[in-house]
Amino acid sequence: MINLKLLLCTGTATLGLAFAGAAFADDQSTPPDAPAAAPAAAPAAPAATPMANPAMSGPINANPHPATFDAGPLGSITVDGVLSGGAIYTTNASFDAFGKQNKDIDVGLTNAAVIINGGVGPISFYVQAGPYSTPSLGTPYYRESTTTSNEFGYVPQGFIKYAVNSSWSVEAGALPTLIGDEYTYSFENMNIQRGLLWNQEPAVSKGVQVNYSNGPIAISGAVTDGYYSDTYTAFSGLFAYTFKNTDVLAFAAEGNAGIATTSSFVTAPQQNNGTIYNLIFTHNMGPLVISPYLQYSTSQYIAGVSLAGDTFGAAVLAKYQFNPEWSLAGRAEYITSSGAANLLGYGDGSNAWSLTLTPTWQKGILFARGELSYTGIGSGTHGLEFGSLGAADNQIRALIEAGVAF
């Protein structure tokens, strides 16, 4: 399994063409002047078409037999979805961005997504709609109602793609970022929560992206609004090389060519006006997938907008599939910061580390998983750490999540 956003993006054009061709192929019936024969057997059921978008790193798998409809001028479409909820227990719960202290125990939806893929000929489209939560380590927990209304709305992702040919494609809309080794929504990832490095990355960006693939090489470049700022001056790119053994080496980067002053729940001027780089390696060995990656980010000083600072982080994500139903995923990471920008949120020059374990069970469209994580602050500022007083240097979380991938 290739755990990279770019490879899914560049491959979507090929999947879209193949799907459209299958959906609109002529029936192979007996010619009118053929000799009489026994009645023909009923046509075979169409082959299962896996969900083209969004990307999923597993262990949760999309329904291999999605609902398929003829949408007339929109072509043949597939309708998938994920409905899941769960409970979270947190030690040293902190105050959130709205001044409300997190509960020790909370419950809510994690995903209620309806996912549509379709297209005609070289044109394909993707829409994801529904509420969601995006829990991540080292940050307060927000229920789906707060997350959805303050992050990317009830239609968080969707784009139209045009396949110029088998190598080139162009897409425009609300796009998944090219940065990082974890996706935005829990059902897409090895773990339920995203990690400390993910907290520094963009998640969804609006703009235009160009993709190119040729043999083992895949390249994407995009002009977007970066961290969802509505200022379209961010440039990002991703280069990936797939080796013969299906291992993948990728380099990603994003920077802002202008100044974006927007500040919101999902848009941090510090990160949005900075630059970020990733070096990601994904190794596939039968039931084992292991993906170490490095990340460096820097924030520039812009009077009245952002302060100077940088971060450096390293992480290892891994998954082992014991059998078709059971798997175990894990993540270990460390991130450190310097400068006056307080990019981690724990004070100037702070650092943190985490460990996460996530066992997963899936049978058919049903899935359930648990998670235990530990986040430690190695160096922080009193009042900006965990707990009601901001004085605790560690946080443990235990989660359960269950649902259907229909």
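Residues numbered from 1 in each chain as written. Predicted model: local features only at pLDDT ≥ 70, side-chain atom pairs only at ≥ 80, totals over all residues. Heavy atoms only, no water.

### Looking at the overall build of the protein chain
Next, step 1: For the protein chain, the helix and strand inventory stands at three helices and 17 strands.
Next, step 2: Taking all 406 residues of the protein chain together, 49% fall into the buried category.
Next, step 3: Excluding contacts between residues fewer than 6 apart, the proportion of contacts in the protein chain whose partners are at least 24 apart in sequence is 62%.
Next, step 4: Accessible area of the protein chain: about 17400 Å², with a carbon and sulfur share of 66%. (Helix = DSSP H or I, 4+ residues; strand = E, 2+ residues; numbered from the N terminus. Buried < 20%, exposed > 50% of the residue type's maximum accessible area, 1.4 Å probe, protein only. Contact = heavy atoms within 4.5 Å. Areas by Shrake-Rupley, 256 points an atom, 1.4 Å probe, with all protein chains shown as cover.)

### Structural notes on the side chain of Gln128
Next, step 1: Secondary-structure assignment places Gln128 in strand E4 (residues 123-129).
Next, step 2: At 2.8 Å, the side chain of Gln128 forms a polar contact with the side chain of Tyr126.
Next, step 3: With near-sequence residues (within four places) excluded, Gln128 lies in contact with Pro54, Ala113, Val114, Ile115, Tyr154, Val155, Pro156, Gln157, Tyr185 and Phe187. (Polar contact = N/O pair within 3.5 Å; in protein donor to acceptor, adjacent residues only side chain to side chain.)

### A short note on a nonpolar patch on the surface
Next, step 1: Taken together, the side chains of Ile219, Phe239, Tyr241, Phe243, Leu249, Phe251, Tyr277, Leu279, Leu294, Tyr296 and Phe312 present a nonpolar region at the surface, about 930 Å² in accessible area.
Next, step 2: Those elements that provide at least two residues to the nonpolar patch are strand E9 (234-242), strand E10 (248-256), strand E11 (275-285) and strand E12 (288-299).
Next, step 3: Note that Leu279 resides in strand E11.
Next, step 4: Judged by its relative accessible area of 41%, Leu279 falls in the partly exposed class. (Patch = residues over 30% accessible without salt bridge, like charges linked within 9 Å, V, L, I, M, F, W, Y side chains within 5 Å. Salt bridge = Lys/Arg side-chain N within 4 Å of Asp/Glu carboxyl O.)

### Some remarks on unusual backbone geometry
Next, step 1: Cis peptide bonds are those with omega within 30 degrees of zero, and the linkage from Asn53 to Pro54 qualifies with 0 degrees.
Next, step 2: When you line up the elements, Pro54 lands in the loop between helix H1 (5-23) and strand E1 (67-70).
Next, step 3: With an omega of 10 degrees, the peptide bond running from Gly58 to Pro59 counts as cis.
Next, step 4: Mapping Pro59 onto the fold places it in the loop between H1 and E1.
Next, step 5: In this structure, Tyr228 is a non-glycine residue whose phi angle is positive, near 60 degrees.
Next, step 6: Structurally, Tyr228 is set in the loop between strand E8 (217-224) and E9.
Next, step 7: For Asn342, which is not a glycine, the phi torsion comes out positive at approximately 50 degrees.
Next, step 8: With respect to the helices, strands and loops of the structure, Asn342 is situated in the loop between strand E14 (326-339) and strand E15 (351-363).
Next, step 9: You can call Asn342 partly exposed: its relative accessible area is 26%.

### Some remarks on the confidence of the model for the protein chain
Next, step 1: Put simply, the protein chain has an average pLDDT of 89, and 88% of its residues get 70 or more.
Next, step 2: Predicted confidence for residues 1-49 stays below pLDDT 50, and this span has 82 contacts to residues more than four positions away or in other chains. (pLDDT = per-residue confidence, 0-100.)

### Details of the side chain of Ser327
Next, step 1: Assignment of secondary structure puts Ser327 in strand E14.
Next, step 2: Setting aside its immediate chain neighbours within four residues, Ser327 contacts Pro59, Tyr320, Gln321, Phe322, Thr358, Pro359 and Thr360.

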